[in-house]
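Spelled out, the chains give:
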Amino acid sequence: MLNDHLNVMALFSMSGEVVGRKKLQKMVYIAKHLGFPFNERYHFHRYGPYSDELTVRLEELCNLGFLEEYEEDKGHYAQYRYILSSRGEDFLKMYRSPLSVYGPLCNSLNTQSSRFLELLSTIIYFEGLEKRKRDDKIRQLKKKQNYTELDFKEAYTYLKELEQHKPTVM
């Protein structure tokens, strides 16, 4: 088992059930930004930062029986739920991981909406731009999301909180 697979399993162990593929992509991207040792490469996609590697890893973990995926028909779209299986939990117990310090981060991210995490991850993705240019770019790229000034303010505040309480791994 590769470390990258174990890291994904550890995220589920700390987060519990994650509802939505988009949400999961954003959680991993933000956790990576905050120091969680994810190695997946990301590129900008329709819904913000996206990793093909993470998608493949999830499929592999499901095929191995370490992760359970449930598809729910929501009418005009399908929603996916992911949870670490008992087989995955047993397998993860064989490895001692210093990643448990990321538990509060994983739980906190999992309580946020996909829409909010999409904004937050996009802010991080364009962090090299000056704030005003970054916000304008996001508004342009994400017109359909209709992000308000309050949405941006909440995202920047939350990001600052996350960065101030960033865990350190021994």
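Structure's up top.
So, here is what we can say about the structure in this document. (Residues numbered from 1 in each chain as written. Predicted model: local features only at pLDDT ≥ 70, side-chain atom pairs only at ≥ 80, totals over all residues. Heavy atoms only, no water.)

1. Focus on the overall build of the chain
And then number 1: Within the chain one finds 8 helices and 5 strands.
And then number 2: The C-alpha atoms of the chain give a radius of gyration of 16 Å, which matches the 15 Å a tight globule of 170 residues would have.
And then number 3: In terms of principal-axis extent, the alpha carbons of the chain reach across some 45 × 45 × 25 Å.
And then number 4: Evaluated residue by residue, the chain yields a buried proportion of 45% over its 170 residues.
And then number 5: The long-range fraction of contacts in the chain, counting pairs at least 24 apart against all pairs at least 6 apart in sequence, stands at 65%. (Helix = DSSP H or I, 4+ residues; strand = E, 2+ residues; numbered from the N terminus. Rg over C-alpha atoms; globule rule 2.2 N^0.38 Å. Buried < 20%, exposed > 50% of the residue type's maximum accessible area, 1.4 Å probe, protein only. Contact = heavy atoms within 4.5 Å.)

2. Concerning the side chain of Glu118
And then number 1: Positionally, Glu118 belongs in helix α6 (residues 114-125).
And then number 2: The residues contacting Glu118, other than those within four sequence positions of it, are Lys22, Lys26, Arg46, Tyr47, Lys142, Gln145 and Tyr147.

3. Details of the environment of Leu92
And then number 1: Tracing the chain through its elements places Leu92 in helix α4 (residues 86-93).
And then number 2: On the accessibility criterion, Leu92 (15% relative accessible area) is buried.
And then number 3: Separated by 72 residues in the primary sequence, Leu92 and Gly20 have C-alpha atoms spaced 23 Å apart.
And then number 4: Apart from the residues lying within four places of it in its own chain, the contact partners of Leu92 are Leu6, Met9, Ala10, Ser13 and Leu84.

4. Here we look at the pattern of salt bridges
And then number 1: Taken as a whole and assessed by the stated rule, the structure comprises 12 salt bridges.
And then number 2: Taking the shortest distance from any N to any O, the salt bridge between Asp4 and Arg57 comes out at 3.9 Å. Of this pair, Asp4 sits in helix α1 (residues 3-15) while Arg57 sits in helix α3 (residues 52-63); the two residues are 53 residues apart in sequence, bridging distant segments of the chain.
And then number 3: Exposure remark for Asp4: the relative accessible area of 18% places this residue in the buried category. (Salt bridge = Lys/Arg side-chain N within 4 Å of Asp/Glu carboxyl O.)

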